[in-house]
Amino acid sequence: DAGITQSPRHKVTETGTPVTLRCHQTENHRYMYWYRQDPGHGLRLIHYSYGVKDTDKGEVSDGYSVSRSKTEDFLLTLESATSSQTSVYFCAISEGANQPQHFGDGTRLSIL
Amino acid sequence: AQSVTQPDIHITVSEGASLELRCNYSYGATPYLFWYVQSPGQGLQLLLKYFSGDTLVQGIKGFEAEFKRSQSSFNLRKPSVHWSDAAEYFCAVESGSSGDKLTFGTGTRLAVRP
């Protein structure tokens, strides 16, 4: 399995609080991605990174920001969490364009 | 924009029966296509991929998929289903101007009857 670690694995927090999710890889892959998974929607891309300090928006980026200061770490931040951001969040990595993505085990985030 | 349709939300098959999961895509050029499987509480695992060449692609766990350009389809098949195949299956197509993103279907949940 690809070396991808997501932390925390579970988190419960309150509306309006900031939340940061971390994705750490040991594969030295260039691309990293954040998705959210909701029933009936499959996986939807939030943000992705194609190198250190190089990031771009995905399909559902509103309310989220990301940072990548090192190849191995990709952080997803909810500046002020809302109940609509309750979801399961997955990180993925890939070697490059048109290459398969490999997924972490997910973070289950509940916002009350 | 690229899109993926998985018309079947839920499928139930008997153990030992054959399986076909449908996937239709919308893409302007020759697509890069993927099938992933997700067991409960886990991330997605790559089953197989199609980039070019032979339209019948073999994957892990005894799965195969056939790319049919004329039908814009990439259906997943397995000749004999095992109880451990119960999971959710996602089809995906490359997207983005640089092919550096994936667009996923909404998934098909497979149940296996003993």
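Treat the numbers as computed from the prediction; the structure is a model and nothing was measured.

## Looking at the overall build of chain B
Alright, step 1. Within chain B, the secondary structure is distributed over 0 helices and 12 strands.
Alright, step 2. The N-to-C order of helical and strand elements in chain B reads β-β-β-β-β-β-β-β-β-β-β-β.
Alright, step 3. Over its C-alpha atoms chain B spans a radius of gyration of 14 Å, differing by no more than 12% from the 13 Å that the globule rule assigns to 114 residues.
Alright, step 4. For chain B, the spread of C-alpha atoms along the three principal axes comes to 45 × 30 × 20 Å.
Alright, step 5. Among the 114 residues that make up chain B, the fraction classed as buried is 46%.
Alright, step 6. Taking all contacts inside chain B whose residues are at least 6 apart in sequence as the whole, residues at least 24 apart take part in 53%.
Alright, step 7. Accessible area for chain B stands at about 5300 Å²; split by element, carbon and sulfur atoms hold 47% of it.

## A few points about the overall build of chain A
Alright, step 1. Assigned secondary structure in chain A consists of 0 helices and 11 strands.
Alright, step 2. Mapped from its N terminus to its C terminus, chain A presents α and β elements in the order β-β-β-β-β-β-β-β-β-β-β.
Alright, step 3. For 112 residues, the compact-globule formula gives about 13 Å, and the C-alpha radius of gyration of chain A, at 13 Å, lands near that figure.
Alright, step 4. In terms of its C-alpha atoms, chain A occupies a principal-axis envelope of roughly 35 × 30 × 25 Å.

## Here's the deal with the interface of chain B and chain A
Alright, step 1. Taken together, the contact between chain B and chain A spans 21 residues of the former and 21 residues of the latter.
Alright, step 2. Summed over both partners, the interface of chain B with chain A buries about 1600 Å², with 56% contributed by carbon and sulfur atoms.
Alright, step 3. Counting across the chain B and chain A interface gives 0 salt bridges.
Alright, step 4. Our count for the contact surface shared by chain B and chain A stands at 3 residue pairs in polar contact (both at pLDDT 80 or more).
Alright, step 5. For the side of chain B that touches chain A, the secondary structure elements donating two or more residues are strand E5 (33–38), strand E6 (44–50), strand E10 (87–95) and strand E11 (101–104) of chain B.
Alright, step 6. Residue classes in the side of chain B that touches chain A are distributed as 9 nonpolar, 8 polar and 4 charged.

## Describing the packing of aromatic side chains
Alright, step 1. Tallied over the entire structure, the rule returns 17 aromatic pairs over all chains.
Alright, step 2. By way of ring pairs, the aromatic residues Tyr-31, Tyr-33, Tyr-35, Tyr-48, Tyr-50 and Phe-103 of chain A together with Tyr-32, Phe-34, Tyr-36, Phe-51 and Phe-104 of chain B are connected into one cluster.
Alright, step 3. Of note, Lys-49 of chain B hangs over the ring of Phe-51 of chain B, and the distance from its end group to the ring centre comes to 5.9 Å.

## Section: the pattern of salt bridges
Alright, step 1. In the structure shown here, the tally under the stated rule is 9 salt bridges over all chains.
Alright, step 2. Put simply, Asp-8 of chain B and Arg-22 of chain B hold a salt bridge, and the shortest N to O gap is 2.9 Å. Remark: Arg-22 of chain B occurs in the loop between strand E3 (19–21) and strand E4 (24–26) and Asp-8 of chain B occurs in the loop between strand E1 (3–5) and strand E2 (10–14); sequence separation between them is 14 residues.
Alright, step 3. Its relative accessible area of 39% is what places Arg-22 of chain B among the partly exposed residues.
Alright, step 4. With a shortest N-O distance of 2.9 Å, Glu-88 of chain B and Arg-109 of chain B are connected by a salt bridge. Here Arg-109 of chain B lies in strand E12 (residues 108–113) and Glu-88 of chain B lies in strand E10, a separation of 21 residues in the sequence.
Alright, step 5. Connected via shared salt-bridge partners are Arg-22, Lys-70 and Asp-73 of chain A.

## Some remarks on the nonpolar core
Alright, step 1. Ranked by size, the top nonpolar core spans 26 residues in total, and within it Leu-19, Trp-35, Leu-47, Leu-48, Phe-74, Leu-76 and Tyr-89 of chain B carry the most contacts.
Alright, step 2. At the level of secondary structure, the elements contributing two or more residues to this core comprise E2, E3, E5, E6, strand E8 (64–68), strand E9 (73–78), E10 and E12 of chain B.
Alright, step 3. Examining the composition of this core, we find that 4 residues originate from one element, E10 of chain B, more than from any other.
Alright, step 4. Once residues within four sequence positions are removed from consideration, Leu-76 of chain B is found in contact with Leu-19, Glu-20, Leu-21, Trp-35, Leu-47, Leu-48, Phe-63, Glu-64, Ala-65 and Tyr-89 of chain B.
Alright, step 5. Counting 19 residues, the second largest nonpolar core, distinct from the first, contains Ile-4, Trp-34, Tyr-64 and Val-66 of chain A.

## What about the pairing of strand E11 (residues 107–111) of chain A?
A regular strand places its side chains on the two faces of the sheet in alternate fashion.
Residue and element names in this part refer to chain A.
Alright, step 1. Of the two faces of E11, only one is covered, namely that formed by Thr-107, Leu-109 and Ile-111; the face formed by Arg-108 and Ser-110 stays uncovered.
Alright, step 2. Inspection of the sheet shows strand E2 (residues 10–13) paired to E11 by 4 bridges, in the parallel sense. The residue bridging Lys-11 from the neighbouring strand is Leu-109, located in E11.
Alright, step 3. Relative to E11, strand E9 (residues 87–94) runs antiparallel, the two sharing 3 bridges. Residue pairing across strands places Val-88 opposite Arg-108, the latter belonging to E11.

How each quantity is defined
Along each chain, residue indices are assigned from 1 in the same order as the chain's sequence is written. Chains carry letters from A onward and ligands carry numbers from 1 onward, assigned in written order. Totals for whole chains, interfaces and linings use every residue, but because this is a predicted model, local features are given only for residues with pLDDT of at least 70 and side-chain atom pairs only at 80 or more, for both listing and counting. Each side-chain value is worked out from all heavy atoms of the structure, with water and hydrogens disregarded. A run of H or I in DSSP counts as a helix once it spans at least four residues, and a run of E counts as a strand once it spans at least two, with each numbered from the N terminus. Radius of gyration here uses only the C-alpha atoms, and the compact-globule reference equals 2.2 Å multiplied by the residue count raised to the power 0.38. Between buried and exposed lies partly exposed: a residue is buried under 20% and exposed over 50% of the maximum accessible area for its type, with that area taken using a 1.4 Å probe on protein chains only. For this analysis, residues touch if any pair of their heavy atoms sits within 4.5 Å. Each accessible area value is a Shrake-Rupley result obtained with a 1.4 Å probe; residue values ignore everything except the protein chains displayed when judging cover. Two parts lose some accessible area (1.4 Å probe) when they are put together, and adding that loss for both gives the buried area. The salt bridge definition used is simple: a Lys or Arg side-chain nitrogen within 4 Å of an Asp or Glu carboxyl oxygen. Any pair of N or O atoms that falls within 3.5 Å is considered a polar contact. Within protein, one atom must be able to donate a hydrogen and the other to accept it, and sequence-neighbouring residues count only if both atoms are side-chain atoms. Amino acids outside the nonpolar list (Ala, Val, Leu, Ile, Met, Phe, Trp, Tyr, Cys, Pro) and the charged list (Asp, Glu, Lys, Arg) are all regarded as polar, and Gly is one of them. For Phe, Tyr and Trp, where Trp contributes only its six-membered ring, two rings pair if their centres lie within 6.5 Å, and the inter-plane angle classes them as stacked under 30 degrees, edge-to-face over 60, or tilted in between. Placement of a charge over a ring requires the Lys NZ or Arg CZ to be within 6 Å of the ring centre, with the centre-to-atom vector within 35 degrees of the ring normal. What we call a nonpolar core is a set of buried Ala, Val, Leu, Ile, Met, Phe, Trp, Tyr and Cys residues that are connected through their side-chain atoms within 4.5 Å. Think of it this way: DSSP has to see at least two bridges between two strands before they count as a pair.

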